[in-house]
Amino acid sequence: MPLEFAVCPVCGQRLGLHEYVTPGTRVVCVNCESNLQVEARRPLRLKLVPLEATYNRNDRPESYG
Ligand SMILES: [Zn+2]
């Protein structure tokens, strides 16, 4: 499966992503665990997602308690 490499904008870690990722896909840096989003293809570029933007009520079962 071919991979494309992008660089984490936070720590510079090279991240291998499948070639079929599309802009908007969320990824997490394996090194610094930053929440990143695919911003562009060819060349593949990542941007940091602000922490509050990662919150999703439907996806946070730990918020109920
Ligand atoms: Zn990183």
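Everything below is about the structure shown above.
Bear in mind that the values here come from a model prediction, so they are computed numbers and not experimental data.

Undergrad: Would you mind going over the sheet that holds strand β3 (residues 26–28) with me for this structure?
TA: What links the strands of a sheet is backbone hydrogen bonding, and the strands pair in either a parallel or an antiparallel sense. The sheet built from 3 strands is open, its strands ordered β3-β4-β5 with antiparallel pairing. Both edges of this open sheet fall to β3 and β5 (45–48), since each of them pairs with a single strand only. Each neighbouring strand pair of the sheet contributes to a mean axis angle of 45°, computed without reference to strand direction.

Undergrad: Please explain the pairing of strand β2 (residues 14–18) as it appears in this structure.
TA: Here is the key point about a regular strand: its side chains alternate between the two faces of the sheet. Taken across its 5 residues, β2 has 0 buried, putting it largely on the surface. Where strand β1 (residues 3–7) meets β2, 5 bridges bridge the pair, whose relative direction is antiparallel. Bridge assignment links Ala-6 to a residue of β2, and that residue is Leu-15. Where β1 folds back on β2, the antiparallel hairpin that results is connected by 6 residues, among which Gly-12 adopts a positive phi of roughly 85°.

Calculation notes
- Residues numbered from 1 in each chain as written.
- Predicted model: local features only at pLDDT ≥ 70, side-chain atom pairs only at ≥ 80, totals over all residues.
- Pairing = 2+ DSSP bridges.
- Helix = DSSP H or I, 4+ residues; strand = E, 2+ residues; numbered from the N terminus.
- Axes fitted to C-alpha atoms, helices over the stretch in contact; angles between N-to-C directions.
- Buried ≥ 20, exposed ≤ 12 C-beta atoms within 10 Å, placed from the backbone.

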